[in-house]
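Chain by chain, the residues run as shown.
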Amino acid sequence: MNTNIHFRDKNLHPVWDKVQRGERLTLQDGLILFASPDVISIGKMAHAVQRMKSGDAVYYVVNQKIEPTNICVLSCSFCDFAVKQGSPEAYEMTVADILAKLNSDVHEVHITGGLHPDWPWEYYVGMVRDIKKAFPQLDVKAFTAVEIDFFHKKFKMPIAEVLRQLYDAGLRTMPGGGAEVFSERVRKLLFNQKIGAKTWFDVHTTAHRMGIPSNATLLYGHIETYEERVGHMLRLREAQDQTGGFLSFIPLAFQPGDTGIKPKNEFTSAIEDLKTIAVSRLMLDNVPHIKAYWVMLTEEVASVALNFGADDMDGTVGGEKIAHDAGAVSPMAMAKEKLVKIITDAGKIPVERDVYYNALNVDAANVIGQIPYLNSVPFYAHFEQRQFKMLPIAPRRMGVLAQKGQIDAGLFSLMDYFAQEESLEAARFGIASRDQVKSVILLTNEGWRGLHGKTIGIIDDTATSVKLLQVLLEKKYGVKANLERMHAGVNDYSRYDAVMLIGDAALRAVKEGGTGFYLCYDLAKEWYDWQKMPFVFAVWAYRRTLPPERKAELNELIDTALQRGEAEIETVGAVHGRRIHLTPEESAEFLQGFNYRLGDREQEAMRLFKKLIEEVEVS
Ligand code: SF4
């Protein structure tokens, strides 16, 4: 990390040393951070980690929040939203009411609400199914662990069955609320009717195993101690190590309202909010995104948080009641243009996303796409950015954005480069295998020929590896299989006869197993054994319309960065490698398996691959 920090609080030095080495922070480290008055240094540390994970990107989503009812069988003491049946403020929405609030611009609907005493199970399943039917472009994020547990008890179905029926109806992710803070002391005092940490984790980890990723929140700023706040983060980090299914962490500032827990106008201070966001980014090294939820933080604090560790602003929300009933002061809905402006003013790239954090649109100039896997670290570790902004993005998405003219340059998947050769000009840099790579693998319990007619799940991130798989199946082994796209993040592999993984997910699967498959084929090695050629996975390219001096500058920046990266090949991947549980030696060995400069043999291999793809496509 190339960040120089002049600490005013010397206690922060050892914490920063650990962060720079990619080591995990402990409960004690978290308490040092919360106790420190040196907020700016804490923010700088968190921002350095944020940049390593998300580059200059800050995400937002065009979403609509729906709270179908405020009638709730529980009476949590911090909740100003719920009422009892018969109350003059009680409301209930029909599915038609819900559909009327949605439109074809919305990408995510976020549904949470009260635990209604009378609604039947079919109402919930029908709601999800009808939304998905009316708006196929939209992803449904619905029901907290509290609601899922309520359905499980009320309708007498196991948690997994509740989730299965909702998944089949179209539910794709879950919000993170419900546990508030994982402390039995606080739960007994403030919400003793509500589920505890154990049930919350049971629901979320069951969802993850079924291929439903989720989010996690922390409600802070009421009666919890710092130790309980940090303890909450550590329990989450531990669960994430097991499942990898949490997409984001959302610290939610407590809104006192009429709860009586704190005086009505005693909101958390901006310093407290920023510190909590920054500490979350530092403690939760395995959670991809930290959200600055502007509804509760206010626009002003949320915008500063984008340089304090947060890389997500949530979305347009389109009307939110729970926090506002408790006194939140932010505008009820924020227009997309306003979100884009706040993110741009913070010096970041506004990235419109879907529910899985796939980039849909980018609204900035001079954007460079960055493959976020360990194999590309030698290019990016010492890349001098100058006027450019870095967008870590899965290869397939980079191709889509380049097609829209939203990316100026990047390390493109070979297939995307082939598809856009007219608009993209290649540099002589890229990622090519020597023989095996370990990060593009096929996992199965069958040999290659046993896969004829079977279904192979393919990770949603790549075009080149999918084509390589197809070429190997059809041209090398004479096998036709059905390829079915899995989404990014957690997936239920038991739905498939084989799965293809790439990048860091593949490296972890090779190292840790636990996928349910016992055969693992390295696709680069399969190619090498067959063709005695390297395989080119990615190519650096820039838009042909860039001025010549800009292209020359990019060439020079890539070359200089790579020279340094290659000179440090023994160490340059150590921090990234640790995040995916590789030792520094394993990371170094992995990186040494690639060529980063594309010579004549690589060009020849590219031509051969192109010819084979054409043959597969006409067969
Ligand atoms: S917090 Fe949720 S479960 Fe508790 S009373 Fe409010 S709506 Fe009901």
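Residues numbered from 1 in each chain as written. Predicted model: local features only at pLDDT ≥ 70, side-chain atom pairs only at ≥ 80, totals over all residues. Heavy atoms only, no water.

**A word on the overall build of the protein**
Link 1 in the chain: Check the secondary structure of the protein and you find 25 helices and 22 strands.
Link 2 in the chain: The C-alpha atoms of the protein give 25 Å as radius of gyration, which agrees with the globular expectation for 619 residues (25 Å, within 12%).
Link 3 in the chain: When its C-alpha atoms are laid out on the principal axes, the protein stretches across 75 × 60 × 40 Å.
Link 4 in the chain: Pairs at least 24 residues apart make up 78% of the contacts formed inside the protein by residues separated by at least 6 positions.
Link 5 in the chain: Here the protein has roughly 23400 Å² of accessible surface; of this, 51% comes from carbon and sulfur atoms. (Helix = DSSP H or I, 4+ residues; strand = E, 2+ residues; numbered from the N terminus. Rg over C-alpha atoms; globule rule 2.2 N^0.38 Å. Contact = heavy atoms within 4.5 Å. Areas by Shrake-Rupley, 256 points an atom, 1.4 Å probe, with all protein chains shown as cover.)

**Topic: the packing of helix 6 (residues 145-154) against helix 9 (residues 197-209)**
Packed helices, taken two at a time, are described by the angle their axes make and the gap between the axes.
Link 1 in the chain: Relative to each other, helix 6 and helix 9 sit at 90 degrees, their axes nearing to 9 Å. Accordingly, the angle class assigned to the pair helix 6 and helix 9 is roughly perpendicular. Residues A145, I148 and D149 of helix 6 form the contact with helix 9, whose own contacting residues are T199, W200, V203 and H204.
Link 2 in the chain: Along the lines of polarity and charge, the residues of the contact of helix 6 with helix 9 split into four nonpolar, two polar and one charged. (Axes fitted to C-alpha atoms, helices over the stretch in contact; angles between N-to-C directions. Parallel < 35°, antiparallel > 145°, perpendicular 65-115°, else oblique. Nonpolar A, V, L, I, M, F, W, Y, C, P; charged D, E, K, R; others polar.)

**Section: unusual backbone geometry**
Link 1 in the chain: One non-glycine residue, D314, adopts positive backbone phi at about 65 degrees.
Link 2 in the chain: Its location among the elements puts D314 in strand 9 (residues 312-315).
Link 3 in the chain: The buried category is assigned to D314, whose relative accessible area is 4%.
Link 4 in the chain: Here the phi dihedral of K532 falls at roughly 55 degrees; this positive angle occurs in a residue that is not glycine.
Link 5 in the chain: With respect to the helices, strands and loops of the structure, K532 is situated in the loop between helix 21 (523-531) and strand 21 (536-543). (Buried < 20%, exposed > 50% of the residue type's maximum accessible area, 1.4 Å probe, protein only.)

**Things to note about the packing of aromatic side chains**
Link 1 in the chain: Overall, the coordinates contain 31 aromatic pairs when judged by the stated rule.
Link 2 in the chain: For the pair W200 and F201, a centre-to-centre distance of 5.1 Å together with 85 degrees between the ring planes defines the contact as edge-to-face.
Link 3 in the chain: Note on F201: relative accessible area 11%, which makes it buried.
Link 4 in the chain: Ring centres of F379 and Y596 lie 5.4 Å apart, and the angle between their planes is 90 degrees; on these two criteria the pair is classed as edge-to-face. Taken together, the positions of F379 in helix 16 (residues 377-380) and Y596 in strand 22 (residues 594-597) put the pair 217 residues apart, joining distant regions of the chain.
Link 5 in the chain: Accessibility expressed as a relative area gives 0% for F379, which makes it buried. (Phe/Tyr/Trp six-rings, centres within 6.5 Å; stacked < 30°, edge-to-face > 60°.)

**A closer look at the pattern of salt bridges**
Once the charged atoms of two side chains with opposite charge are near each other, the side chains can pair.
Link 1 in the chain: Using the criterion set out here, one finds 47 salt bridges in the structure.
Link 2 in the chain: A salt bridge links E526 to K476; the nearest nitrogen and oxygen atoms lie 2.8 Å apart. Of this pair, E526 sits in helix 21 while K476 sits in helix 19 (residues 464-476); the two residues are 50 residues apart in sequence, bridging distant segments of the chain.
Link 3 in the chain: The partly exposed category is assigned to K476, whose relative accessible area is 21%.
Link 4 in the chain: Bridged by salt links that share partners, the residues E108, K141, K291, D312, D314 and R353 form one connected network. (Salt bridge = Lys/Arg side-chain N within 4 Å of Asp/Glu carboxyl O.)

**Points about the packing of helix 19 against helix 25 (residues 600-618)**
Link 1 in the chain: At their nearest, the axes of helix 19 and helix 25 sit 10 Å apart, and the two run at 65 degrees to each other. Taken together, helix 19 and helix 25 sit at an angle that is classed as roughly perpendicular. For helix 19 against helix 25, the interelement crossing comes out left-handed. Across the interface between the two elements, T464, K467, L468, Q470, V471, E474 and K475 of helix 19 pack against F609, L612, I613, E615, V616 and E617 of helix 25.
Link 2 in the chain: Taken together, the residues that form the contact of helix 19 with helix 25 break down as six nonpolar, two polar and five charged. (Left-handed = near helix turned anticlockwise from the far one by under 90°.)

**A closer look at the site of the ligand**
Link 1 in the chain: With respect to spatial proximity, the complete set of residues near the ligand consists of C72, L74, C76, C79, A82 and K194.
Link 2 in the chain: Grouping the constituent residues of the shell around the ligand by class yields five nonpolar, no polar and one charged. (Near = heavy atom within 4 Å.)

**Brief notes about the sheet that holds strand 6 (residues 214-220)**
Link 1 in the chain: In spatial order, the strands read 6-7-8; together these three strands make up an open sheet with parallel pairing. The open sheet has two edge strands, strand 6 and strand 8 (289-290), and neither has a second partner.
Link 2 in the chain: Here strand 7 (residues 246-253) runs beside strand 8; their pairing, made up of two bridges, is parallel. Bridge pairing in strand 8 places S248 opposite H289.
Link 3 in the chain: Against the sheet, helix 11 (residues 270-283) touches strand 6, strand 7 and strand 8, its axis set at about 160 degrees to strand 7. (Pairing = 2+ DSSP bridges.)

**What to know about the environment of H222**
Link 1 in the chain: Tracing the backbone through its elements, the reader meets H222 in the loop between strand 6 and helix 10 (226-243).
Link 2 in the chain: Given a relative accessible area of 12%, H222 falls into the buried group.
Link 3 in the chain: Along the primary structure H222 and E67 are separated by 155 residues, whereas in three dimensions their C-alpha atoms are 24 Å apart.
Link 4 in the chain: Setting aside its immediate chain neighbours within four residues, H222 contacts V181, V186, L190, F254, I261 and K262.
Link 5 in the chain: Within the structure, H222 has its side chain in polar contact with the backbone oxygen of L219 (distance 2.7 Å). (Polar contact = N/O pair within 3.5 Å; in protein donor to acceptor, adjacent residues only side chain to side chain.)

**Focus on the sheet that holds strand 19 (residues 498-502)**
Link 1 in the chain: Ordered by their spatial adjacency, five strands build an open sheet running 18-17-19-16-20, and the pairing between neighbours is mixed. Every interior strand has two partners, whereas the edge strands, strand 18 (482-485) and strand 20 (519-522), have only one. On average, adjacent strands in this sheet sit at an angle of 25 degrees to one another, irrespective of strand direction.

**Thoughts on the side chain of T69**
Link 1 in the chain: Tracing the chain through its elements places T69 in the loop between strand 2 (63-66) and helix 4 (95-100).
Link 2 in the chain: Residue classification places T69 among the buried residues on the basis of a relative accessible area of 1%.
Link 3 in the chain: A distance of 3.0 Å separates the side chain of T69 from the backbone nitrogen of I71, its partner in a polar contact.
Link 4 in the chain: Within the local environment of T69, its side chain forms a polar contact with the backbone oxygen of Y91, the two atoms lying 2.8 Å apart.
Link 5 in the chain: Excluding anything up to four places from it in sequence, T69 contacts F81, Y91, E92, G113, G114, H116 and W119.

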